[in-house]
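Here is what each chain is made of, one letter per residue.
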Amino acid sequence: YARTDAGAVRKFVQNTDLQKLSVTEACKHIGKVEKRTKTKEKKEQQQQQQQQQQHSDDGNGEETKPARTVSLGFESRVYKGQERNACVFFSKSKDLNARYLSTMTKVEIEVDGKRYPSVEHCFQAAKYKHLLTLLGDKAKAKPLQDRFQVGGPLGSLDPIKVKSHGGKGAMKRLGVALDVEAWNKHRDSAMWEALQARYAVDEKFRELLGYAKRESIALCHFERGGKRPYWGGRFKGGTEWIGENKLGEMLAALPAAGESGDV
């Protein structure tokens with residue numbers, strides 16, 4: 001079981017038909033899962049390499065505008081009841097350019113003189129500035145924030161995994177608790193500051209946002225949980241958008257590539 005992913009293991013354990021397989025048949029089944037996973041990963045790597053090559057190759061040595069090329073676009077469509085095309089993005093989007101817009105993308109940024117491996121690392125670290133247990137005791141809270149920095153204990157974690165370290169369970173294990181009321185007042189500014197920092201250093205990020213503006217594409221962050229998700233949302237029945245989509249709105253508010261504006 002250890003040779004394959006956790007999802008396949010759960011399927012294997014829960015499926016009574018699979019449980020009836022012999023050891024030899026079980027090994028063959030796991031081998032097929034491994035082969036499909038490797039094929040999928042290889043295909044994604046090839047697509048990413050092709051996009052990077054198209055982005056860097058101008059063909060004649062003259063300055064180009066890659067944001068206008070097909071390689072820097074992403075899939076979008078008009079959902080029923082919507083006025084314009086929408087690109088639904090999140091950390092696992094099949095469209096690699098749409099996935100790139102996620103806060104989970106590894107792009108090193110600097111905020112308040114501190115370097116973070118991604119927007120998500122920076123955002124989760126910001127929560128530790130608003131703790132009930134250590135309220136007013138900045139000396140004790142600082143080490144908890146610094147863990148998310150480049151070179152810190154959590155700095156090497158994948159952004160998807162680091163998200164849980166800003167959650168209720170992780171804080172409880174550390175003997176602290178989030179001041180939810182205070183955090184809700186500062187969460188927008190924490191995210192905006194991190195996005196601005198990424199915008200300043202990430203050329204591809206700027207170009208994709210520029211493409212969305214020029215093509216009048218609405219950026220919709222997919223978020224499954226909650227009756228009305230704050231940072232994203234989802235299309236109910238393919239028509240009605242459920243959620244605040246605050247992240248999508250913030251991305252749209254950043255200046256497009258080539259525009260003037262403070263970041």
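Provided above is the structure to which this section pertains.
Overview of the structure. Each chain has its residues counted from 1, running along the sequence as written. Reporting of local features is limited, given that this is a predicted model, to residues whose pLDDT is at least 70; pairs of side-chain atoms are given and counted only at 80 or more, and all residues count toward the totals for whole chains, interfaces and linings. Only hydrogens and water are set aside when side-chain values are computed; all heavy atoms of the structure are taken into account.

Take the packing of aromatic side chains next. Two rings belonging to Phe, Tyr or Trp (six-membered ring only in the last case) form a pair when the distance between their centres is within 6.5 Å. Interplanar angles under 30 degrees mark stacking, angles over 60 mark edge-to-face geometry, and anything in between is tilted. Within this structure, the stated rule accounts for six aromatic pairs. With 5.7 Å between their ring centres and 40° between their planes, Y128 and F148 make a pair best called tilted. With a gap of 20 residues between them, Y128 in the loop between α5 (119-127) and α6 (138-146) and F148 in the loop between α6 and α7 (159-162) connect regions that are remote in the sequence. The pair formed by Y128 and F148 is uniform in burial state, with each residue classed as buried. Cluster of aromatic residues (ring-pair linked, three or more members): F123, W183, Y230 and W231. One cation-aromatic arrangement involves R187 over Y230; the distance from NZ or CZ to the ring centre is 3.6 Å. A positively charged side chain is recorded as over a ring if its NZ (Lys) or CZ (Arg) lies within 6 Å of the ring centre. The angle to the ring normal must also be within 35 degrees. Over the aromatic face of F205 sits the side chain of R198, whose NZ or CZ is 4.0 Å from the ring centroid. Helix numbering and strand numbering both begin at the N terminus, where a helix is a DSSP run of H or I of at least 4 residues and a strand a DSSP run of E of at least 2. Buried means the residue's accessible area, taken with a 1.4 Å probe over protein chains only, is under 20% of the maximum for its type, while exposed means over 50%, and partly exposed covers the values in between.

Across a regular strand the side chains alternate sides, sitting on one face of the sheet and then on the other. Neither face of strand β4 (residues 218-221) is left uncovered, since the one carrying A218 and C220 and the one carrying L219 and H221 both have all their residues buried. For two strands to pair, DSSP has to find at least two bridges joining them. Note: strand β1 (residues 86-89) against β4, four bridges, orientation parallel. Across the sheet, the residue bridging to A86 is A218, located in β4.

Our next topic: the pattern of salt bridges. For this analysis, a salt bridge means a side-chain nitrogen from Lys or Arg found within 4 Å of a carboxyl oxygen belonging to Asp or Glu. All told, the structure shown has eight salt bridges when counted by the stated rule. With a closest N to O distance of 2.8 Å, R115 and E110 form a salt bridge. Take R115: its relative accessible area is 35%, and that puts it in the partly exposed class. Of the charged contacts, one joins K129 and D112 as a salt bridge, the two residues approaching to 3.8 Å between their closest N and O atoms. With K129 in the loop between α5 and α6 and D112 in the loop between β2 (106-111) and β3 (114-118), this residue pair connects regions lying 17 residues apart in the sequence.

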